[in-house]
Amino acid sequence: MISKDQLRGLLPNTLDETNLPLPGKTLGKVRDWYDLPNGKRLIVTTDRLSAFDRILTTVPFKGQVLNQLSAWWFEETRDIVTNHLVSLPDPNAVVVNVAAPFPVEVIVRGYITGVTSTALWYRYSIGERNIYGYDFLEGLKKNQELPQPIITPTTKGGATGHDERLTCAEVTAKGLVDSQTWDQIQAVALALFKCGQEVARRAAMILVDTKYEFGCAPDGSLVLIDEVHTPDSSRFWKADTYEERFVAGEDPENFDKEFVRLAYAEKGYLGDGEIPSMPDELWISASERYIQIYELLTGKEFVPGTYPVQERLIENLKRSGLIK
């Protein structure tokens, strides 16, 4: 068990960005990636924490949790869809097969909830009743389960730099994905979500909603990419207290980074303007939560990698023959 004092001591040494002797470096919100020979790519998951489409801070062990948890899910879901994972040379890094990403994030939602501008509950709370092309009845309550999971796609970034909402029909109408592939993506996404719900249920959690990203392999086949069922891409609630808290009109106990979003929302921040400062305790709690969800979902003990991450990473990449 990692103590709060240990986590506090690591706050100044978290992995904000990598600088490796490899070509083609690209920075995402959370991940850095580098080109490798033979259609491969090295992806390093940093400790950066993103919410409201903004990078807010860095959190100890966040990158390792996301990297290793996604790798675990990739193995768990290979019977549903092929994924891009090749190997894990370091706790924070994976080697993947390059796939051309589709320009759509596939969000699957099982409950009406959320505080961001693209969330179902936010849209419903401001009076919308047709959201993402679905009609919603009057009288729904925050955090209520939907009759069945629905797919609510968004663009990746869009012209504004923020994710823009789409209907399922608009994905093909706008030429973002062809009709046959989009049908396949939707079927796979719902199957992945069902699997995630079952695993979460065994861990006494509810998989509320999640984001999937897909790509096209060189042979034209569909490939699952990015991350799967992590605290960054998904919302998890504690199952055994959900019903009681829902009836009482209280928010569920969550096991994801939603509490970070809520902390910012309480300060009136929803992604625009200057980012408010937050106490270290919030980031220590975030680190503990990431580690906890890894252990609950996988049933494995989290083994922390050494810090500073970059020094360890370089040694492991040399050992794997990826750099000299």
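Predicted, not measured: the structure shown is a model, and the values here were computed from it.

Colleague: Looking at this structure, how should I read the nonpolar core?
Modeller: Burial of nonpolar side chains together is a common tendency in soluble globular proteins. With 81 residues, the main nonpolar core has Leu 42, Trp 182, Tyr 212, Phe 214, Trp 283 and Leu 297 as its most contacted residues. If you look at the next biggest cluster of nonpolar residues, it comprises 9 residues, including Ile 112, Ile 131, Tyr 132 and Phe 136.

Colleague: Help me out: how do you make sense of helix α7 (residues 258–266) in this one?
Modeller: Owing to its 3.6 residues per turn, the α-helix aligns residues three or four sequence positions apart on the same side. Those residues of α7 lying buried are Glu 258, Phe 259, Val 260, Arg 261, Ala 263 and Tyr 264. Looking at the buried positions of α7, the neighbouring elements they touch are β4 (48–51), β5 (54–58), β16 (234–238) and α8 (280–298).

Colleague: How should I be thinking about the pattern of salt bridges in this particular structure?
Modeller: Note on pairing: side chains with opposite charge can pair once their charged atoms come close. Taken as a whole and judged by the stated rule, the model has 20 salt bridges. Between Glu 281 and Arg 8 there is a salt bridge, and its shortest N-O distance comes to 2.6 Å. Residue Glu 281 is located in helix α8, and its partner Arg 8 is located in helix α1 (residues 4–10); the two are separated by 273 residues in the primary sequence. By relative accessible area, Glu 281 is classed as partly exposed at 38%. The partly exposed category is assigned to Arg 8, whose relative accessible area is 34%. In this structure, Asp 209 engages Arg 235 in a salt bridge whose closest nitrogen and oxygen atoms are separated by 2.9 Å. On the criterion of sequence distance, the pair formed by Asp 209 in strand β14 (residues 205–216) and Arg 235 in strand β16 is long-range, its members being 26 residues apart.

Colleague: I keep staring at α8 and nothing clicks. Help me out?
Modeller: For α8, built from 19 residues, the straight-helix expectation of 27 Å at 1.5 Å per residue is met to within 8% by its first-to-last C-alpha distance of 28 Å. Where α8 ends, the next residue or the one after it, Gly 299, has phi of about 75°, a positive value.

Colleague: What am I meant to see in the packing of aromatic side chains here?
Modeller: Each aromatic ring pair is specified by the distance between its two centres and by the angle formed by the two planes. Here the structure, examined in full by the defined rule, presents 13 aromatic pairs. Plain terms: the ring middles of Phe 61 and Phe 302 are 5.7 Å apart, the flat faces sit at 75° to each other, and that makes the pair edge-to-face. Here Phe 61, found in the loop between β5 and α2 (62–76), pairs with Phe 302, found in the loop between α8 and α9 (309–319); they are 241 residues apart in sequence, far enough to count as distant. Assigned by exposure class, Phe 61 and Phe 302 land together as buried. With a centroid separation of 5.6 Å and 10° between ring planes, the pair formed by Trp 237 and Tyr 242 is classed as stacked. The exposure class assigned to Trp 237 is buried, which follows from its relative accessible area of 3%. Cluster of aromatic residues (ring-pair linked, three or more members): Phe 52, Tyr 264, Tyr 269 and Trp 283. Note that Arg 165 overlies the ring of Tyr 132, its terminal NZ or CZ placed 5.8 Å from the centroid.

Colleague: How should the side chain of Asp 32 be read in this particular structure?
Modeller: Residue position: Asp 32 is located in strand β2 (residues 31–36). The exposure class of Asp 32 is buried, given its relative accessible area of 0%. Polar side-chain contacts of Asp 32 include one of 2.8 Å to the side chain of Thr 18. For Asp 32, the residues in contact, after removing those within four places along its chain, are Glu 17, Thr 18, Lys 25, Thr 26, Leu 27, Leu 42, Ile 43, Val 44, Thr 46 and Arg 48.

Cut-offs applied
- Residues numbered from 1 in each chain as written.
- Predicted model: local features only at pLDDT ≥ 70, side-chain atom pairs only at ≥ 80, totals over all residues.
- Heavy atoms only, no water.
- Core = buried A, V, L, I, M, F, W, Y, C linked by side-chain atoms within 4.5 Å.
- Buried < 20%, exposed > 50% of the residue type's maximum accessible area, 1.4 Å probe, protein only.
- Helix = DSSP H or I, 4+ residues; strand = E, 2+ residues; numbered from the N terminus.
- Contact = heavy atoms within 4.5 Å.
- Salt bridge = Lys/Arg side-chain N within 4 Å of Asp/Glu carboxyl O.
- Expected span 1.5 Å × (residues − 1).
- Phe/Tyr/Trp six-rings, centres within 6.5 Å; stacked < 30°, edge-to-face > 60°.
- Lys NZ or Arg CZ within 6 Å of the ring centre and 35° of its normal.
- Polar contact = N/O pair within 3.5 Å; in protein donor to acceptor, adjacent residues only side chain to side chain.

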